[in-house]
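# Inside the fold
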Amino acid sequence: MSLRGVTQLSKLTLRYCRIGGSSAGMREHMRESLIEWCTAHPTVAVTTELKTGRHPALIASYLN
């Protein structure tokens, strides 16, 4: 999403558990398509956080 040509999404944080079943989709997404998405959107900073025993979360930070 952009406002007047400026992309509003500035940072994505992916939190997941290394062994949890609820994080299986997040781990698969990171393996399969995260690098392609990052190369298509170079202005967005993407970080991952390993949180053992927690459910996965995707946290987005916007400019406005």
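The coordinates are above.
What comes next concerns the included structure. Here the structure is a predicted model, which means the values were calculated and not measured.

### Some remarks on the overall build of the protein
Each helix and strand in the protein was counted, giving two helices and five strands. Reading the protein from its N end, one meets helices and strands in the order β-β-β-α-α-β-β. Within the protein, buried positions represent 20% of all 64 residues. A separation threshold of at least 6 residues defines the contact pool for the protein, and within that pool the share at least 24 residues apart is 76%. When the accessible surface of the protein is summed, it comes to about 4,800 Å², and 54% of that surface belongs to carbon and sulfur atoms. The averaged location of the 4 negative side-chain charges in the protein is 12 Å from the averaged location of its 8 positive side-chain charges.

### So, the nonpolar core
Counting five residues, the largest nonpolar core consists of L14, Y16, M26, M30 and L34. Counting residues per element, the ones that place at least two in this core are strand 3 (9-16) and helix 1 (24-32). When neighbours within four sequence positions are excluded, L14 is seen to be in contact with M26, H29, M30, V46, T47, T48, E49, A57 and L58.

### Examining the pairing of strand 3
As paired elements, strand 3 and strand 5 (residues 57-62) share six bridges and run antiparallel to each other. In the strand pairing of strand 5, L12 is matched with A60. Of the pairings in the sheet, the one linking strand 3 to strand 4 (residues 45-50) comprises six bridges and is parallel in character. Residue Y16 lies in a different strand from strand 4, and its bridge partner there is L50.

### Things to note about the side chain of T13
Mapped onto the secondary structure, T13 falls in strand 3. Its relative accessible area of 8% is what places T13 among the buried residues. Polar contacts involving the side chain of T13 include one to the side chain of T47, which spans 3.2 Å. When sequence neighbours within four positions are dropped, the list of residues in contact with T13 reads T47, E49, A57, L58 and I59.

Rules of the game
- Residues numbered from 1 in each chain as written.
- Predicted model: local features only at pLDDT ≥ 70, side-chain atom pairs only at ≥ 80, totals over all residues.
- Heavy atoms only, no water.
- Helix = DSSP H or I, 4+ residues; strand = E, 2+ residues; numbered from the N terminus.
- Buried < 20%, exposed > 50% of the residue type's maximum accessible area, 1.4 Å probe, protein only.
- Contact = heavy atoms within 4.5 Å.
- Areas by Shrake-Rupley, 256 points an atom, 1.4 Å probe, with all protein chains shown as cover.
- Lys, Arg positive; Asp, Glu negative; His and termini not counted.
- Charge placed at Lys NZ, Arg CZ, Asp CG, Glu CD.
- Core = buried A, V, L, I, M, F, W, Y, C linked by side-chain atoms within 4.5 Å.
- Pairing = 2+ DSSP bridges.
- Polar contact = N/O pair within 3.5 Å; in protein donor to acceptor, adjacent residues only side chain to side chain.

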